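Structural features, examined
The residues making up each chain are set out below.
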Amino acid sequence: RLKTLEETNLELRRIEQELTRRTAYLALIHEINRQITTLQEPQQVLDLAVELVRQKFGYHHVALFLREGDTLYLRAVAGVYRSLFPEGHTQKTTEGINGWVATHGEKILANDVSREPRFISLIGDHSTTRAELCLPLKMSGKILGVLDIQSTQLNAFHDHDVVAMEILADQLAIALENARLYKIARQQRQVEEQLQQAQKMEVVGRLTGGIAHDFNNILAVILGHSECLLVRPDLDGTVRDEIAGIKEAAERAARLVRQLLVFSRQQPVHPQVIDLNQTLHKLTGLLRRVMREDIHLQFNLTPNLPPVKMDPVQVEQVIMNLAVNAADAMPQGGMFTLETGQIELEQPPWPDVPAGRYVTLSAVDTGIGMDEHTLAHCFEPFFTTKTDGQGTGLGLSTVYGIVRQNGGFIQVYSRPGEGTTFTIFLPPTGEKAEISTLSGTEESNPPQPGKITILLIEDEANVRKIVSRMLALEGYEVLTARTAEEASQICRQHPGPIHLLISDVVLPETRGPEVVRELRKIYPALKVLYISGYFDEAFDEDVNLKTNFLQKPFTHRDLLQKISHILSAQS
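Residues numbered from 1 in each chain as written. Predicted model: local features only at pLDDT ≥ 70, side-chain atom pairs only at ≥ 80, totals over all residues. Heavy atoms only, no water.

1. Some thoughts on the nonpolar core
- Residues Leu287, Ile319, Leu322, Phe336, Ile410 and Ile424 are the most contacted members of the largest nonpolar core, which totals 37 residues.
- Among the secondary structure elements, those contributing two or more residues to this core are α6 (276-282), β8 (295-300), β9 (308-310), α8 (312-328), β10 (334-345), β11 (356-365), α10 (395-405) and β13 (420-426).
- The element best represented in this core is α8, accounting for 8 residues. (Core = buried A, V, L, I, M, F, W, Y, C linked by side-chain atoms within 4.5 Å. Buried < 20%, exposed > 50% of the residue type's maximum accessible area, 1.4 Å probe, protein only. Helix = DSSP H or I, 4+ residues; strand = E, 2+ residues; numbered from the N terminus.)

Next comes the structure, spelled out in structure tokens:
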């Protein structure tokens, strides 16, 4: 009986020790689970999990592989073999214990790897592994990867070790899936926010474009009248100066409107195939004049960039606006860096931007930075943090409009006190650089104004009046019409030839190119000059920015030069 009691006590102590060990295991697993489930980035989950298993359980090698198709990718490793695995290590699912577990979804316990035919050493003779436990990471029947644990001791894994690691593998699979779902949800929120921002900017752009169009008509009248008055010889000096002041103010207003049109993507452009690095080099002198002496200018340009297709004038506008913005953000001096590069984007942050390769241009300053409120509104027109009279609030909105007009997008990173980085992504072009020539078009001498008849179609009465007056001052015979119907009637009734048609692009109930097609049935050789307060990419292909388009407001000289060019060209 005494012997029986001793045996019973020994068994009770063994059970107590076993319970203590299992309690400790469960506590460790709970701690690991608590930490990995608070992380929302998959890589952080993996790194923490392998390190905690190695620390808490004392195994000499712990690795996590994630499965993609027929390949296992080593995503996290801890222990003595860590330095022996190259970055980006992969393994086929047909290889080794890991591959078998990833394929079949069942664990393998090899307490003596020398007797396990599926065991292979991934590090050759460096291996000191004597026992291996490999567990699948499964979620809803899908094998996400494997947890591989190795020991230098034979028979290192007991039943309670296996149970504990199986629980951990299940929890790790849940944590990975949660992190994946969180990433998807975050990306969806980002896409939704960017779509809302894009829609808001589109609405603001359309409103801005409409306002700018109306202002251009008004400014065309002011500029036209002031120029007509200034050519009068009977003006005294004081009156001439006052009129010149009106003209100068109208020209400043016209430049402001052009910035609005850039934001709304309704500014005429002349894109060319350019090398971004060369373009930046050409702007060095101009940039140094913009930057104060206490601001250091630096270039980090990636060589052999693919070319992009942009209007060089627009590139200059982008760079100079970013430079001025950076200078204002560094009142005590600092560094302004321009960087170029290229990147492959699988998931661009803008919903209407395709995946693929992009050329990047970054403008980095060491200035005061921006808070969240400023970041959320920095590209909106007229938004400024400067005091009254110190800025128009159109600099960054101009940059935004140009970038979007050229099929790219722009991102900004900034924190108060940490400076600001604007990064522009532009699609490369497969075209070769254009070779420009001074003139490849044969021209004949233009007819003299007194022998030329011009038909002007403009629905805005004040614009029609001043343009007609400008032309008459030069000796042209001018016929005017408000609508397409009036223009057609004039063409049928006019006894002589009509050499040139000047037409607004957008007319009541029709468009300029449609009117031209009808009038050419009467005058087949009719030449045309289109005028408009803005440029729309949806304009008819007959509207050629380089040859037969003039944007309002235009000067007397601009109008005459364009007319001379059109009339001189061979039919």
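What follows picks up the thread again.
2. Here we look at the packing of helix α11 (residues 461-473) against helix α14 (residues 556-568)
- Put simply, α11 and α14 touch, their axes get as near as 11 Å, and they point 65 degrees apart. Compared by their axis directions, α11 and α14 come out roughly perpendicular. Once α11 is placed against α14, the crossing between them reads as right-handed. Here Val467, Met470 and Leu471 of α11 lie close against α14, whose contacting residues are His556, Leu559 and Ile563. (Axes fitted to C-alpha atoms, helices over the stretch in contact; angles between N-to-C directions. Parallel < 35°, antiparallel > 145°, perpendicular 65-115°, else oblique. Left-handed = near helix turned anticlockwise from the far one by under 90°. Contact = heavy atoms within 4.5 Å.)

3. Topic: the sheet that holds strand β20 (residues 549-551)
- With parallel pairing, the 5 strands of this open sheet are ordered in space as β15-β14-β16-β19-β20. Both edges of this open sheet fall to β15 (477-481) and β20, since each of them pairs with a single strand only. Neighbour-to-neighbour, the strand axes of the sheet open up by a mean angle of 20 degrees, direction not taken into account.
- Judged from the 3 bridges that link them, strand β19 (residues 527-532) and β20 form a sheet pairing that is parallel. Within β20, the residue paired with Tyr530 across the bridge is Phe549. (Pairing = 2+ DSSP bridges.)

4. Overview of unusual backbone geometry
- Backbone torsion omega between Lys552 and Pro553 reads -10 degrees, so that peptide bond is classified as cis.
- With respect to the helices, strands and loops of the structure, Pro553 is situated in the loop between β20 and α14.
- A positive phi angle, close to 55 degrees, is found at Asn155, a residue other than glycine.
- With respect to the element layout, Asn155 can be found in the loop between β6 (142-151) and α4 (159-230).
- Of note in this structure, Asn304 is not a glycine but carries a positive phi near 60 degrees.
- Position of Asn304 among the secondary structure elements: in the loop between β8 and β9.
- Given a relative accessible area of 74%, Asn304 falls into the exposed group.

5. Brief notes about empty space enclosed by the protein
- Evaluation of the coordinates by the stated rule reveals 2 cavities of 30 Å³ or more.
- There is about 170 Å³ of room inside the largest cavity.
- Ile120, Leu122, Glu132, Asp148 and Gln150 are, among the 20 residues lining the largest cavity, the residues nearest its centre.
- Classifying every residue of the lining of the largest cavity by side-chain character gives 10 nonpolar, 8 polar and 2 charged.
- Counted as a void, the second largest cavity has a volume near 60 Å³.
- As for the second largest cavity, its lining consists of Leu276, Met310, Val315, Val318, Leu361, Ile402, Val403, Ile424 and Leu426.
- Classifying every residue of the lining of the second largest cavity gives 9 nonpolar, no polar and no charged. (1 Å grid on protein atoms, 1.4 Å probe; cavity = no way out; pocket = protein on both sides within 12 Å on 5 of 7 lines; lining within 4 Å. Points joined across faces, edges and corners; volume = space filled by probe spheres on them. Nonpolar A, V, L, I, M, F, W, Y, C, P; charged D, E, K, R; others polar.)

6. Let's talk about the packing of aromatic side chains
- A full pass over the atoms with the stated rule returns 3 aromatic pairs.
- Note on Tyr59 and Phe157: the rings are 5.2 Å apart at their centroids and 40 degrees apart in plane angle, and the pair reads as tilted. Within this pair, whereas Tyr59 is found in the loop between α2 (42-57) and β1 (61-68), its partner Phe157 is found in the loop between β6 and α4, the two being separated by 98 residues in sequence. As far as the burial class goes, Tyr59 and Phe157 line up, both buried.
- Measuring from ring centre to ring centre gives 5.8 Å for Tyr358 and Phe409, while their planes differ by 70 degrees; the resulting arrangement is edge-to-face. Taken as a pair, Tyr358 in strand β11 and Phe409 in strand β12 (residues 409-414) lie far apart in primary sequence, 51 residues in all. (Phe/Tyr/Trp six-rings, centres within 6.5 Å; stacked < 30°, edge-to-face > 60°.)

7. Quick word on helix α12 (residues 484-493)
- Turning to α12, its buried residues number three or more, namely Ala487, Ser488 and Cys491. Along the axis of α12, the buried residues cluster in a sector spanning 100 degrees; they form a single face. Facing away from the buried surface of α12 by more than 90 degrees, the exposed residues are Glu485, Arg492 and Gln493. (Arc of directions from axis to C-beta.)

8. Quick look at the pairing of strand β14 (residues 453-457)
- Most of β14 sits out of view: 5 of its 5 residues are buried.
- A two-sided burial pattern is seen for β14, the buried positions comprising Thr453, Leu455 and Ile457 on one face and Ile454 and Leu456 on the other.
- Pairing of β14 with β15 involves 5 bridges; the strand directions are parallel. Across the sheet, the residue bridging to Leu456 is Thr480, located in β15.
- With α11 bridging β14 and the parallel β15, this β-α-β connection has right-handed handedness. (Right-handed = clockwise from strand over helix to strand, strands pointing away.)

9. Considering the confidence of the model for the chain
- Model confidence for the chain is summarised by a mean pLDDT of 80, while 80% of its residues fall at 70 or above.
- When mean pLDDT is compared element by element in the chain, strand β4 (residues 108-110) scores highest at 94, while helix α1 (residues 2-37) scores lowest at 70.
- Scored below 50 in pLDDT, residues 435-444 makes 5 contacts in the model with residues more than four places away or belonging to other chains. (pLDDT = per-residue confidence, 0-100.)

10. Brief notes about the sheet that holds strand β5 (residues 131-139)
- In space, the 6 strands of this open sheet follow the order β3-β2-β1-β6-β5-β4, with antiparallel pairing throughout. Looking along the sheet, the strands with just one partner apiece sit at the ends: β3 (90-92) and β4. Mean inter-strand twist for the sheet, computed between neighbouring axes without regard to direction, equals 25 degrees.
- Where β4 meets β5, 3 bridges bridge the pair, whose relative direction is antiparallel. Within the sheet, the bridge partner assigned to Ile108 lies in β5 and is Cys134.
- Strands in contact with helix α3 (residues 96-104) are β1, β2 (71-79), β3, β4, β5 and β6; relative to β6, the strand with the most contacts, it is inclined by about 150 degrees.

11. Re a nonpolar patch on the surface
- Among the surface-exposed residues, Phe215, Ile218, Ile222 and Ile246 lie close enough to one another that they form a single nonpolar patch of about 350 Å² accessible area.
- With 3 residues, α4 is the single largest residue contributor to the nonpolar patch.
- Looking at Ile222, the relative accessible area reads 33%, which means it is partly exposed. (Patch = residues over 30% accessible without salt bridge, like charges linked within 9 Å, V, L, I, M, F, W, Y side chains within 5 Å. Areas by Shrake-Rupley, 256 points an atom, 1.4 Å probe, with all protein chains shown as cover. Salt bridge = Lys/Arg side-chain N within 4 Å of Asp/Glu carboxyl O.)

12. Overview of the pairing of β11
- Taking burial as the measure, the 10 residues of β11 include 8 buried ones, the bulk of the element.
- Strand direction decides the pairing type here: β10 and β11, joined by 10 bridges, are antiparallel. Within β11, the residue paired with Phe336 across the bridge is Asp365.
- Of the strand pairs in this sheet, β11 and β13 are connected by 7 bridges, and their pairing is antiparallel. Bridging from a neighbouring strand, Val364 pairs with Thr421 of β13.

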